[in-house]
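Structural overview for review
Below, each chain spelled out in residue letters.
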Amino acid sequence: MADFSFSTRAAAEAEADLLVLPVFQGPAPGPGVRQAGLQSAFSSAKLTGKRGETLFVPGSDDARFAAGAVLLVGVGERAKVTPDVIRRVAARAAPRAAAFGTVATTLPQASRKPEDAVQATVEGFVLGSYRFDRYRTAKRDDAPAALEAVEVLGLPRWNARACRRAIQTAQIVADATCWARDLVNTPALDMPPDAIAREAQKMAKAEGLKVKIWKEPELTKGNMGGILGVGQGSVNPPRMIELHYSGAAASQRPIALSGKGIAFDSGGLSLKDAKNMEWMKSDMGGAASILATMRAIARLEPKINVVAAIPSSENMPSGSAIRPGDVLHHRNGKTSEVLNTDAEGRLVLADALAWLAEQDPVCIIDTATLTGACMVALGEEVIGAFGNDPSLTKEVIAAGDVTGEPMWELPLRAEYRPQIDSAIADVKNVGPRWGGAITAALFLEEFVDDVPWVHLDIAGPAFAERAGDLSGFGGTGVPVRSLVRFVLERAGRRR
Ligand code: BES
Ligand code: MN
Ligand code: ZN
């Protein structure tokens, strides 16, 4: 990762290879633009300062800036420049900046929230620099060099200590997010359940987390019929990853986290068609986000306890696969009738949620690429949030707002519960066509007992099929930023 530093020197004096300066819509010069003698460059280029616009100004002998060159970037209307806008603009600038090596920027000065904006700037540069080229043998000619160093320029009256802390937190969170992306982008051939478990083990060892991998004997003894059932059609055996972060006394009840870890979702015997199967290596995006969240938490060391249970199976069709009509026995004693083997996420989560509910947690949050229906409702970028405790749901959604991971509450409508009544078991794993994200959430609710719980359906946001501001094609690492923020806030910290 690039080296990030904070300083309060004037933009025009920064000696970086590239100076990145914001321009407001109008256009109106942003912080540092006037001192660099570039107040009219944007308008003479007929640019307006809208987000997405950029103007490159090469250095020259009579330039009024010390940097090798300047990149002016539109950030839109001054009143609307939130830390999230800064994060996105920084991410868009990152690949271009990387070609220069060292960068200095006044971007956070465009917002009225210094520390949040500093954090957003650094997150943006790291996330925007992410690439996944482990599987390329030939170097692409359009592959930019790696960003070397970024000097974040603040104002002398800002709290430098808090800004340095913001940089550190941003690096930890963004780095963890990139790891989640790696896990998602790695083909299922190389990332079966046991490989996910080994990644978790390696991470836990490096970060000082307690870890236990549940293999088949433990899963059988533990009545994890959902995890075993979904996994039984694959040659790659299922696992459950149990992680503990202890930042407070053992008597303090933990926050509980879970994430759907379907290594590959073929649909099973209810086989998906080819188009719908293309990106199903990403069906462990929830698991990846929880692993990354745990890694970030271990590094940030908040005074709080967190427990995670991550179920991982590969959903494949075969002679040993579960069949429509089969009944599975879950951890909490409840039974589910599997009428569609492609509704497998809820089956594995059921066991993990039931186990977490036994750990006397203050709350449970799960994240899962659970339903196409949620994507139909909210599109590719908005997370569907369901919960059984309105204030907890609000708190999680608020964490998403400040970290730029938009969430929208969908109703956990009790009146729909009869739609998943089974003819022979306690519950069936599919409802009617309409409201599929809701009936999936209602299924999960059967397994959280009466613990305050939020379910985040990330089917859309976990994987980008088009490049966006913060990520290119592939895994996005959503919702690591929100989950880390939620845990930090519960520990009384903002960062
Ligand atoms: N993993 C899929 C959901 C999904 C779809 C995630 C598209 C990302 C992109 C999930 O296991 C699934 O197949 N859900 C079914 C449920 C249905 C059979 C009730 C769906 O949404 O079609
Ligand atoms: Mn499925
Ligand atoms: Zn799935």
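A short tour of the structure in this document, coming up.

Reading the values: rules and limits
Residues numbered from 1 in each chain as written. Chains lettered and ligands numbered in written order. Predicted model: local features only at pLDDT ≥ 70, side-chain atom pairs only at ≥ 80, totals over all residues. Heavy atoms only, no water. Buried < 20%, exposed > 50% of the residue type's maximum accessible area, 1.4 Å probe, protein only. Helix = DSSP H or I, 4+ residues; strand = E, 2+ residues; numbered from the N terminus. Donors = N, O, S within 2.8 Å, 3.2 Å for Na, K, Ca; no water. Tetrahedral: all angles 85-135°; square planar, octahedral: opposite > 155°, others 65-115°. Near = heavy atom within 4 Å. Polar contact = N/O pair within 3.5 Å; in protein donor to acceptor, adjacent residues only side chain to side chain. Areas by Shrake-Rupley, 256 points an atom, 1.4 Å probe, with all protein chains shown as cover. Axes fitted to C-alpha atoms, helices over the stretch in contact; angles between N-to-C directions. Left-handed = near helix turned anticlockwise from the far one by under 90°. Nonpolar A, V, L, I, M, F, W, Y, C, P; charged D, E, K, R; others polar. Contact = heavy atoms within 4.5 Å. Salt bridge = Lys/Arg side-chain N within 4 Å of Asp/Glu carboxyl O. Phe/Tyr/Trp six-rings, centres within 6.5 Å; stacked < 30°, edge-to-face > 60°.

1. Focus on helix α13 (residues 436-445)
- With nine of ten residues buried, α13 is to be regarded as a mostly interior element.
- Listed as buried for α13 are Gly436, Ala437, Ile438, Thr439, Ala440, Ala441, Leu442, Phe443 and Leu444.

2. Brief notes about the coordination of the manganese ion (ligand 2)
- Surrounding the manganese ion (ligand 2) are the protein donor atoms Asp265 (OD), Asp342 (O), Asp342 (OD) and Glu344 (OE), at 2.0 to 2.2 Å.
- All donors of the manganese ion (ligand 2) belong to a single chain; written as a sequence motif, their spacing is D-x76-D-x1-E.
- Distance-wise, the zinc ion (ligand 3) is placed 3.2 Å from the manganese ion (ligand 2), both being coordinated by Asp265. With Asp265 in strand β11 (residues 261-265) and Glu344 in the loop between β14 (335-338) and α10 (345-357), this residue pair connects regions lying 79 residues apart in the sequence.
- According to the relative accessible area criterion, Asp265 is buried, its value standing at 3%.

3. Comments concerning the coordination of the zinc ion (ligand 3)
- Those protein atoms acting as donors to the zinc ion (ligand 3) are Lys260 (NZ), Asp265 (OD), Asp283 (OD) and Glu344 (OE), and they sit at 2.0 to 2.4 Å.
- Of note is the zinc ion (ligand 3), whose six donor atoms meet at the metal with angles of 79 to 173° in an arrangement that counts as octahedral.
- Spacing between the donor residues of the zinc ion (ligand 3) along their common chain follows K-x4-D-x17-D-x60-E.

4. Quick look at the site of ligand 1
- Close to ligand 1 lie 16 residues, the nearest being Lys272, Asp283, Asp342, Glu344 and Gly372.
- The contact in question runs from an oxygen atom of ligand 1 to an N or O atom on the backbone of Gly372, over 2.7 Å.
- The fraction of the free accessible surface of ligand 1 (520 Å²) that becomes covered by protein chains is 76%.

5. Quick word on the packing of helix α3 (residues 114-128) against helix α4 (residues 160-185)
- Running from N to C, α3 and α4 cross one another at 30°; their axes reach a closest spacing of 8 Å. The two elements α3 and α4 meet at a crossing, and its hand is right-handed.
- Class assignment of the residues belonging to the contact of α3 with α4 gives a composition of twelve nonpolar, four polar and four charged.

6. Description of the environment of Asn332
- For Asn332, the position within the fold is in the loop between β13 (326-329) and β14.
- We classify Asn332 as partly exposed; its relative accessible area is 34%.
- Considered as a pair, Asn332 and Ala350 are 18 residues apart in the sequence and their alpha carbons are 8.6 Å apart.
- Setting aside residues up to four positions removed in sequence, Asn332 forms contacts with Ala354, Glu446 and Phe447.
- In this structure the side chain of Asn332 is engaged in a polar contact, spanning 3.1 Å, whose partner is the backbone nitrogen of Lys334.
- A polar contact of 3.3 Å, which involves the side chain of Asn332, links it to the backbone oxygen of Glu446.

7. Details of the pattern of salt bridges
- All told, the structure shown has 36 salt bridges when counted by the stated rule.
- Ionic pairing is found between Asp84 and Arg87, a salt bridge with its closest N-O pair at 2.8 Å. Here Arg87 and Asp84 lie together in helix α2 (residues 83-98), a separation of three residues that amounts to about one turn.
- Since its relative accessible area comes to 4%, Arg87 is described here as buried.
- A salt bridge links Arg481 to Glu405, with the nearest nitrogen and oxygen atoms 3.9 Å apart. Linking Arg481 in helix α14 (residues 480-490) with Glu405 in the loop between α12 (390-403) and β17 (407-409), this pair joins segments that are 76 residues apart in sequence.
- Residue Arg481 is classed as buried on the basis of its relative accessible area, which comes to 5%.
- Overall, Glu405 belongs to the buried group, its relative accessible area being 2%.

8. Describing the packing of aromatic side chains
- Here the structure, examined in full by the defined rule, presents seven aromatic pairs.
- Their ring planes at 40° and their centres at 5.6 Å tell us that Phe56 and Phe100 sit as a pair that is tilted. Taken together, the residues span a long stretch of sequence, with Phe56 in strand β4 (residues 54-58) and Phe100 in the loop between α2 and β6 (102-105) at a distance of 44 residues.
- For Phe56, a relative accessible area of 33% puts it in the partly exposed group.
- Taken together through their ring pairs, the aromatic side chains of Trp279, Phe463 and Phe473 make up a single cluster.

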